[in-house]
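What follows is each chain in one-letter form.
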Amino acid sequence: MRIPAFIASGLLSCLVLFAPAAVAASASQIQQLRDSSYRVTTQMFMYAILNRAKERQQDARSRLAGIDTQVASLGDAEVAKRWQAVRSSLQGELYVDGDVNQRAIYGIEDSTTLFARELERLMPRELGREEKALYDLAQRMQVMMLIYLRNSADPLGGSNYSGVNNEVDLEQLPAAFDAELKTLAKSHPKLAPVFTKIRPKWVFLAPRLRDFNQKTVPYLVDMYGRQIIDTLLAAAREQAAATPAG
């Protein structure tokens, strides 16, 4: 049975209240939590894009309790507050009179973005170069997917959006990702197998992300984008495990 939003929010508040004092989380933990929040958000966008695809909604909501626990374990009140805002936005009605509710879509994007920014404050400052590079690429892909799928879910293609990502130009993001990918391939040759693995998917996605209005392919962006992110985060965890402590 689904827990009502106000009860879930109260439970999370209690978990944070009685959690141990804030402790330093690993970069992997922070990045996994960030990615989980983006994942539930993009799943809800896909729910709208695919015309009330219940399996997407169910997948998103099934992940909420796990995120609640992760957030509570951080013992950080500001992070918990931002997550509650995400949770509340995800419980909103995405349809009004049979049409996708623009305000609900925008609210989900904004709350998720602000939550991700708050998590950035907790990221350890001392990371291996390769690990940091992989996290950066994953974050870039998360933002591209978020904006692309928001536009796809929005009946007006995002033209009315004026939220926290208003100054972010989706058409420019693929070029920045591609440039970063090429730079890292030269400066971090040990990551070549990772880049080789994601490049075919990226070559397919890049032109579609650059020109949203020509031919929208949200299902493929969601699928390949998710595969790229999973590959990058897995490689980052491997790099962290291989780096000597201290």
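Residues numbered from 1 in each chain as written. Predicted model: local features only at pLDDT ≥ 70, side-chain atom pairs only at ≥ 80, totals over all residues. Heavy atoms only, no water.

K.L.:
I keep staring at the side chain of R34 and nothing clicks. Help me out?
P.N.:
Along the chain, R34 falls in helix α2 (residues 27–49). No salt bridge is formed by the buried R34, whose closest oppositely charged neighbour, E120, lies at an N-O distance of 4.2 Å. Excluding its chain neighbours within four sequence positions, the residues that come into contact with R34 are A116, L119, E120, Q139, Q142 and V143. (Helix = DSSP H or I, 4+ residues; strand = E, 2+ residues; numbered from the N terminus. Buried < 20%, exposed > 50% of the residue type's maximum accessible area, 1.4 Å probe, protein only. Lys, Arg positive; Asp, Glu negative; His and termini not counted. Salt bridge = Lys/Arg side-chain N within 4 Å of Asp/Glu carboxyl O. Contact = heavy atoms within 4.5 Å.)

K.L.:
How should the pattern of salt bridges be read in this particular structure?
P.N.:
In the structure shown here, the tally under the stated rule is ten salt bridges. Notably, a salt bridge pairs D76 with R121, separated by 2.9 Å at the nearest N-O pair. Within this pair, whereas D76 is found in the loop between α4 (64–74) and α5 (77–90), its partner R121 is found in the loop between α6 (102–120) and α7 (129–153), the two being separated by 45 residues in sequence. Of the residues examined, D76 reaches a relative accessible area of 11% and is grouped as buried. Residue classification places R121 among the partly exposed positions, given a relative accessible area of 41%.

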